[in-house]
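# Reading the structure
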Amino acid sequence: MKSARSSKLFMGFLLLLIAITLLATLHFFNEINNNYILMYNGNEPLMRVLNPYKYIQAKKGLIFSLSMLISTFSLGIMVILPNEEDHVVQFRQAKKTKTVQQPEKSTAGQPSEGSSGISAEVTESAPMPPNPMDSKKTKKEVDIELIDTEEIFDEDNYHEVTEGEDDVVYGAGDITNRAIMDFVHKFPDSSLKFLFRKQLDGKPLTNEEEEIYLGWENRGMTRGKVKAYIMTLMDWDVMPKEALFDTWKKMRDHIFENIA
């Protein structure tokens, strides 16, 4: 709601600025017309300025107001036109709607009678042995353990790559393994945030960060590849169970000492 209100206020201010600059342009244009007359010397028209000072001031004002009018009008067009982020947001909303509308499946061959019934039925039919570690794990941490490493990276083949279309941050094409390696080296904090889907201090990501990471996934960078290279880089068999900030410091020091 706040974002929509801010957008309306910004568009209103922009339209007001366009109107003011348009009126100023017309005013200075009339001032120029009122400060000169055309005289004919035979068949040749000659322009005679009545008030040189006012004429020059009006000419300067016309140039400035016309430049402002073109700039504000161009800015308005840029704001109105849809951008790539709008398509990403629409894609995510459609995906969420599709997930919510999926019919609930019954368990043990019996029809479902409600979400509470399904939950109780699953619990009774397939009890899981209690694990004392589960109470200390968040959903994100469990997801990290279940992520399979998709590819094995050979760190010896790494060399610093130049920014191109496959670059994670600045590119727009498919993200290659070399680009993922370069990204982890340059931005270990963002690599961990992408993998764990949370901030280094444990707080959730912002909507803007979620949209950016979704765009990276659409270009071919997966959490499995990032996890695989981080474990290869740090020579880990499993991801450490510690604060994400401490993991980032270990990665940063390792990269600085051995790669930078």
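Note: the structure precedes this text.
An account of the accompanying structure is given in this report. All residue numbers here refer to positions counted from 1 along the written sequence of the relevant chain. Per-residue local features are limited, in this predicted model, to residues with pLDDT of at least 70; the limit for side-chain atom pairs, both in listing and counting, is 80 or more; totals at the level of whole chains, interfaces and linings are taken over all residues. Working from all heavy atoms in the structure, the side-chain values ignore hydrogens and water.

### Concerning the side chain of Q199
Mapped onto the fold, Q199 is located in the loop between α7 (188-196) and α8 (207-218). The buried category is assigned to Q199, whose relative accessible area is 16%. Apart from the residues within four sequence positions on either side, Q199 is in contact with K193, P204, L205, T206, E209 and L244. Per the convention used, a helix needs a DSSP run of H or I reaching at least four residues, while a strand needs a run of E reaching at least two, with both numbered from the N terminus. Burial classes follow relative accessibility: with a 1.4 Å probe on protein chains only, a residue under 20% of its type's maximum area counts as buried, one over 50% as exposed, and anything between as partly exposed. Every residue pair with non-hydrogen atoms within 4.5 Å of one another is taken to be in contact.

### Focus: helix α6 (residues 177-186)
A large share of α6 lies buried, amounting to 7 of its 10 residues. For α6, the complete set of buried residues consists of A179, I180, M181, D182, F183, V184 and H185. Structurally, α6 contributes buried residues whose contacts are with α7, α8, α9 (223-234) and α10 (244-258).

### Quick notes on the packing of α9 against α10
Close contact between α9 and α10 brings their axes to 11 Å; oriented N to C, the two are set at 60°. Looking at the two axes, α9 sits oblique to α10. Here the hand of the crossing between α9 and α10 comes out left-handed. Of the residues in α10, those touching α9 at I230, L233 and M234 are K250, M251, H254 and I255. Axes, fitted as lines to C-alpha atoms, cover a helix only where it is in contact. Angles between the N-to-C directions of the axes lie from 0 to 180 degrees. The labels follow the angle: roughly parallel below 35 degrees, roughly antiparallel above 145, roughly perpendicular from 65 to 115, and oblique for the rest. Each crossing is labelled by how the near helix is turned from the far one, with a counterclockwise turn of less than a right angle marking it left-handed and a clockwise turn marking it right-handed.

### With respect to the environment of F194
As for its position among the elements, F194 is in helix α7. In this structure F194 comes out as buried when scored by relative accessible area, which is 0%. Spatially, the C-alpha atom of F194 lies 8.7 Å from that of E210, the residues being 16 residues apart in sequence. If we ignore the near neighbours within four places in the chain, the residues touching F194 are Y213, W216, E217, M221, T222, R223 and V226.

### Side note on helix α2 (residues 52-80)
Every α-helical turn comprises 3.6 residues, leaving residues that sit three or four positions apart pointing alike. Compared with an ideal rise of 1.5 Å per residue, which puts 29 residues at 42 Å, α2 spans 42 Å between its outermost C-alpha atoms and is within 8% of the ideal. Those residues of α2 that sit buried are Y55, A58, G61, L62, S65, L69, T72 and G76. Expected span of a helix, by definition, is 1.5 Å for each gap between consecutive residues, and there is one gap fewer than residues.

### Thoughts on the side chain of R197
Along the polypeptide, R197 turns up in the loop between α7 and α8. Each polar contact in these results corresponds to two N or O atoms within 3.5 Å; when the atoms are within protein, one needs to be able to donate a hydrogen and the other to accept it, and residues that are neighboring in sequence are counted only if both atoms are side-chain atoms. At 2.3 Å, the side chain of R197 and the backbone oxygen of F194 are in polar contact. A polar contact is formed between the side chain of R197 and the side chain of E217, at a distance of 2.6 Å.

### Focus on the packing of α6 against α9
Taken N-terminus to C-terminus, the directions of α6 and α9 make an angle of 60°; their axes are 10 Å apart at the nearest point. Comparing their axes, α9 and α6 come out oblique. Along this stretch, α6 crosses α9, giving a crossing that reads as right-handed. For the pair formed by α6 and α9, the contact residues are N177, I180, M181, V184 and H185 on the first element and K225, V226, Y229, I230 and L233 on the second. Residues are grouped as follows: Ala, Val, Leu, Ile, Met, Phe, Trp, Tyr, Cys and Pro are nonpolar; Asp, Glu, Lys and Arg are charged; every other residue, Gly included, is polar. Here the residues of the contact of α6 with α9 sort into 7 nonpolar, 2 polar and 1 charged.

### A short note on a nonpolar patch on the surface
Excluding any residue in a salt bridge, patches collect residues exceeding 30% relative accessible area, merging like charges within 9 Å and nonpolar Val, Leu, Ile, Met, Phe, Trp and Tyr side chains within 5 Å. Here the accessible surface of atoms and residues is derived via Shrake-Rupley with a 1.4 Å probe, and residues count as covered only by protein chains that are part of the display. When a carboxyl oxygen of Asp or Glu lies within 4 Å of a side-chain nitrogen of Lys or Arg, that pair is called a salt bridge. On the surface, F10, L75, M78 and V79 cluster together into a nonpolar patch covering about 370 Å² of accessible area. When residues in the nonpolar patch are grouped by element, the largest group, 3 residues, is from α2. Turning to its location among the elements, F10 is positioned in helix α1 (residues 2-34).

### Focus on the nonpolar core
In these notes, a set of buried Ala, Val, Leu, Ile, Met, Phe, Trp, Tyr and Cys residues joined through side-chain atoms within 4.5 Å is what counts as a nonpolar core. By size, the foremost hydrophobic cluster in this structure holds 28 residues, and its most contacted members are L192, W216, M221 and I230. For this core, the secondary-structure elements that each account for two or more residues are α6, α7, α8, α9 and α10. The greatest single-element share of this core, amounting to 6 residues, is contributed by α9. Among residues more than four places away in sequence, those in contact with L192 are R197, L200, I230, L244, T247, W248 and M251.

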